[in-house]
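Here are the chains, one letter per residue:
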Amino acid sequence: MAKQLELKGRRYWILSEPHGNGWKATAVAVRDDGSSEPLGIEAIAETRGAADDSVERKLRRLLQAY
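Residues numbered from 1 in each chain as written. Predicted model: local features only at pLDDT ≥ 70, side-chain atom pairs only at ≥ 80, totals over all residues. Heavy atoms only, no water.

(A) Spatial organisation of the pattern of salt bridges. Here the structure, examined in full by the defined rule, presents 4 salt bridges. A salt bridge links Glu56 to Arg60, with the nearest nitrogen and oxygen atoms 3.0 Å apart. Linking Glu56 with Arg60, this pair stays in helix H1 (residues 48–64), spanning 4 residues, or about one helical turn. (Salt bridge = Lys/Arg side-chain N within 4 Å of Asp/Glu carboxyl O. Helix = DSSP H or I, 4+ residues; strand = E, 2+ residues; numbered from the N terminus.)

Structure representation (structure tokens):
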């Protein structure tokens, strides 16, 4: 599953997949040419929504720092 965000003029995907008894989500930056770059931001939670929300919060905090 993927969730798309647009923040500060750039596109990001939050990708989530089953992980053990829960879910693992990761953040990926999407370039204009369609290529992508993993950002090293990830979270594991009991539900997909919780994992996605955690990664989104981490990404927003990272972008506010720059």
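(B) Molecular detail of the confidence of the model for the protein chain. With 97% of its residues at a pLDDT of 70 or more, the protein chain shows a mean pLDDT of 93. When pLDDT is averaged over each helix and strand of the protein chain, the minimum, 90, is found for strand E1 (residues 2–7) and the maximum, 97, for strand E3 (residues 22–30). (pLDDT = per-residue confidence, 0-100.)

(C) Region of interest: the pairing of E3. Relative to E3, strand E2 (residues 10–19) is paired through 9 bridges, and the arrangement is antiparallel. What sits directly across from Pro18, in E3, is Trp23. If you look at the hairpin formed by E2 and E3, you'll find 2 residues sitting between the two strands, and Gly20 has a positive phi there, around 60 degrees. Two successive antiparallel strands, E3 and strand E4 (residues 36–45), enclose a turn made up of 5 residues, where Gly34 displays a positive phi of approximately 95 degrees. (Pairing = 2+ DSSP bridges.)

(D) The arrangement of the pairing of E4 in detail. Examined bridge by bridge, E3 and E4 share 7 bridges and lie antiparallel to one another. Looking at E4, one finds that Val28 is bridged to Pro38.

(E) Region of the structure containing the environment of Ser36. Mapped onto the fold, Ser36 is located in strand E4. Owing to a relative accessible area of 40%, Ser36 belongs among the partly exposed residues under this scheme. Spatially, the C-alpha atoms of Ser36 and Lys24 are 18 Å apart, while their sequence positions differ by 12 residues. Setting aside anything within four residues of it in sequence, one finds Ser36 in contact with Val28, Ala29, Val30 and Arg31. (Buried < 20%, exposed > 50% of the residue type's maximum accessible area, 1.4 Å probe, protein only. Contact = heavy atoms within 4.5 Å.)

(F) Representation of the sheet that holds E1. Taken in spatial order, the 4 strands of this open sheet run E1-E2-E3-E4, and their pairing is antiparallel. Taken across any chain shown, the strands that pair with only one partner, and hence form the sheet edges, are E1 and E4. Within this sheet the neighbouring strands show an average axis-to-axis angle of 25 degrees, counted without direction. Taken strand by strand, H1 contacts E1, E2, E3 and E4, and its axis lies near 130 degrees from that of E4. (Axes fitted to C-alpha atoms, helices over the stretch in contact; angles between N-to-C directions.)

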